[in-house]
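Structural overview for review
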Amino acid sequence: MKIDVQSLGTFNRLAHEGAEQATQSLCQMTGLDAVVDVTKITLVNRADVGEQLANGDYVGVQFAFDGELAGDTVLVFDRAGSETIVESLVPGGSGDDAMARSSVEEIGNIMMSGFIDGWADFLETTIEHSTPNYVEGDGAAMLPDPPSDDERDHVFVFKSEIEWVGESVSFYIYMFPEYDPLADVMSRTTDTEDDAIPVDKLEVFNEMTKDGTAQAAANVEMMTGIETEAEVTRLSFAPIEDVPKQVGTDTYVGTVVEFTGVPSGFLLVLFDEASAVHIAEAMMPVEMDVDELTDQHEAAIEELGNIMTSGFVDGWANVLQTSVEHTPPRLVHDMGRAIVDPLAAQVGQHQEHAFIIDSEMRTDDIEFGAEIHALPNEKELRQALDELLVERADETEADVEKIF
């Protein structure tokens, strides 16, 4: 299967419009005000699909759909958000479990019918969908089981995040299309073979990124003595104007570097403020009795960002058999979107869409979490993937002496 950027852009727009139609249906029924914040296509290892919803409490509905495009969709509300919605439909209904469940099923059926119909209209065909299946629980419980005959490690996931205006409510729309029908539809919308990217190479690149994150985590452990694990790795595709929304509005401390070569672009290592203080102090020879960032904290974060970046990028270079250089890390401390916005604007001078690489790492020893975001140049990424030898996929180990 090969896909080009134009096809990805078309399908991303369809998913976004479907989410807008579903959200509009919800607003009409409840009187609440909501907008679709961001929609993206993600290629993710099947085992990592539900990580964003892990440890949460959710309710929602699942649908199977069949036709020229087949698969499953899931509408997910956080528990508190569903209560707000049920109250707007049936005052007092959130206290009645049967009524609350019925309300979620009803609104889910109306919302997802609009979502699927948009795809059917584009494909000029009919797509049937099942009756809603009510689900509740954490991330694993909310998502459908993979097809028993599908041995692929990676799946395409279309995900929309909806933002409520003045309400503490959030929900997500996930779409899990079956691989073969999606491949057939995408092949018919791929206009130029020259710009097409083999999906197996995207999968290899995603695994490269996962290994690069593991190497970055190993570097953290080497510097701090804190056992650190790489968690989630995603390769996503979205319009360039939506890239800053991927990071959100929380405040982060971290580093930004520009990398050059094939591919080129930007790489960010970001810590939430509490994590930045804790991990920086783990690198210091003496304990500091402060709860806020000092110059010493920032210097430690800058050093750590450099080591993590080197481990991450060198893994790419080894597999791609190319030289990927990067600038010294620049310390950043701001709201996530404010950090990413100027970088996306710079990349957006040459492209309308972007591939975004997201990784996360965590540790159980102290309160610490880190995210790595890469924003590569689209044209050069295509070139790198074109030259990628799939059999070199396991050669991501970085030269530690070169790093240190």
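Conventions we followed
- Residues numbered from 1 in each chain as written.
- Predicted model: local features only at pLDDT ≥ 70, side-chain atom pairs only at ≥ 80, totals over all residues.
- Heavy atoms only, no water.
- pLDDT = per-residue confidence, 0-100.
- Helix = DSSP H or I, 4+ residues; strand = E, 2+ residues; numbered from the N terminus.
- Contact = heavy atoms within 4.5 Å.
- Buried < 20%, exposed > 50% of the residue type's maximum accessible area, 1.4 Å probe, protein only.
- Pairing = 2+ DSSP bridges.
- Core = buried A, V, L, I, M, F, W, Y, C linked by side-chain atoms within 4.5 Å.
- Axes fitted to C-alpha atoms, helices over the stretch in contact; angles between N-to-C directions.
- Parallel < 35°, antiparallel > 145°, perpendicular 65-115°, else oblique.
- Nonpolar A, V, L, I, M, F, W, Y, C, P; charged D, E, K, R; others polar.
- Salt bridge = Lys/Arg side-chain N within 4 Å of Asp/Glu carboxyl O.
- Polar contact = N/O pair within 3.5 Å; in protein donor to acceptor, adjacent residues only side chain to side chain.
- Phe/Tyr/Trp six-rings, centres within 6.5 Å; stacked < 30°, edge-to-face > 60°.

1. Considering the confidence of the model for the protein
- Averaged over all residues, the pLDDT of the protein is 77; the fraction at 70 or higher stands at 83%.
- Across the protein, strand S14 (residues 330-335) holds the top mean pLDDT of 93, while helix H11 (residues 400-403) sits lowest at 32.
- Here residues 396-404 is a poorly scored stretch, pLDDT under 50, and it has 22 contacts once near neighbours within four places are set aside; other chains count.

2. Describing the pairing of strand S7 (residues 154-164)
- The buried fraction of S7 amounts to nine of the 11 residues, a majority that puts the element mostly inside the structure.
- Relative to S7, strand S2 (residues 34-45) is paired through 11 bridges, and the arrangement is antiparallel. What sits directly across from Val 44, in S7, is Val 155.

3. Considerations on the nonpolar core
- Among the nonpolar cores identified, the biggest contains 90 residues, and Trp 119 and Met 308 are the most heavily contacted of them.
- Contacts of Met 308, omitting those with residues within four sequence positions, involve Ala 216, Val 220, Val 269, Phe 271, Met 361, Ala 370 and Ile 372.
- Core analysis: the second largest hydrophobic core is formed by 18 residues, Leu 268, Val 332, Leu 343 and Ile 356 among them.

4. Examining the packing of helix H2 (residues 79-89) against helix H3 (residues 97-123)
- Close contact between H2 and H3 brings their axes to 10 Å; oriented N to C, the two are set at 90°. Viewed along their axes, H2 and H3 adopt a mutual orientation that is roughly perpendicular. Contact residues: H2 offers Ser 82, Ile 85, Val 86 and Leu 89, while H3 offers Ala 100, Ser 103, Val 104 and Ile 107.
- Residue composition of the contact of H2 with H3, grouped by class: six nonpolar, two polar and no charged.

5. Focus on the pattern of salt bridges
- Enumeration according to the criterion identifies six salt bridges in this entry.
- The residue Arg 337 makes a salt bridge to Asp 37 at a minimum N-O spacing of 3.1 Å. Residue Arg 337 is located in helix H9 (residues 336-347), and its partner Asp 37 is located in strand S2; the two are separated by 300 residues in the primary sequence.
- What makes Asp 37 buried here is its relative accessible area of 13%.
- A salt bridge links Arg 79 to Asp 57, with the shortest nitrogen-to-oxygen separation between them at 3.1 Å. Separated by 22 residues along the polypeptide, Arg 79 in helix H2 and Asp 57 in the loop between S2 and strand S3 (58-67) bring together distant segments of the chain.
- Accessibility expressed as a relative area gives 27% for Arg 79, which makes it partly exposed.
- Via salt bridges that share partners, Asp 57, Arg 79 and Glu 136 belong to a single interconnected network.

6. Some words on the side chain of His 16
- For His 16, the location among the structural elements is in helix H1 (residues 5-30).
- Residues within four places of His 16 in sequence aside, it is in contact with Val 36 and Thr 39.

7. Section: the environment of Thr 42
- Structurally, Thr 42 is set in strand S2.
- The buried category is assigned to Thr 42, whose relative accessible area is 6%.
- Among the polar contacts made by the side chain of Thr 42, one reaches the side chain of Ser 236 at a distance of 2.9 Å.

8. Side note on the side chain of Lys 40
- Looking at the secondary structure, you find Lys 40 in strand S2.
- If we ignore the near neighbours within four places in the chain, the residues touching Lys 40 are Asn 12, Val 157, Phe 158, Lys 159, Ser 236, Phe 237, Ala 238, Gln 246 and Asp 358.

9. Observations concerning unusual backbone geometry
- Even without a glycine there, the phi angle at Glu 124 is positive, about 55°.
- By the secondary structure assignment, Glu 124 is in the loop between H3 and strand S5 (127-129).
- Looking at Glu 124, the relative accessible area reads 74%, which means it is exposed.

10. Side note on the packing of helix H6 (residues 199-224) against helix H10 (residues 378-387)
- One can describe the packing of H6 onto H10 by two numbers: an axis separation of 10 Å at closest approach and a directional angle of 100°. As summarised for this structure, H6 and H10 are arranged roughly perpendicular, according to the angle between their axes. Packed against H6, whose contacting residues are Lys 201, Leu 202 and Phe 205, the element H10 presents Leu 381, Leu 385, Asp 386 and Glu 387 at the interface.

11. Description of the packing of aromatic side chains
- Scanning all chains against the criterion turns up five aromatic pairs.
- Geometrically, the ring pair formed by Phe 11 and Trp 119 is tilted, given 5.6 Å between the ring centres and 50° between the ring planes. Taken as a pair, Phe 11 in helix H1 and Trp 119 in helix H3 lie far apart in primary sequence, 108 residues in all.
- According to the relative accessible area criterion, Trp 119 is buried, its value standing at 2%.
- Judged by centre distance (5.4 Å) and plane angle (85°), the rings of Trp 119 and Phe 158 are edge-to-face. You can see Trp 119 sitting in helix H3 and its partner Phe 158 sitting in strand S7, a full 39 residues away along the chain.
- Taking the relative accessible area as the measure of exposure, Phe 158 reaches 2% and is therefore buried.
- Put simply, the rings of Phe 11, Trp 119, Phe 122 and Phe 158 pair up and form one aromatic cluster.

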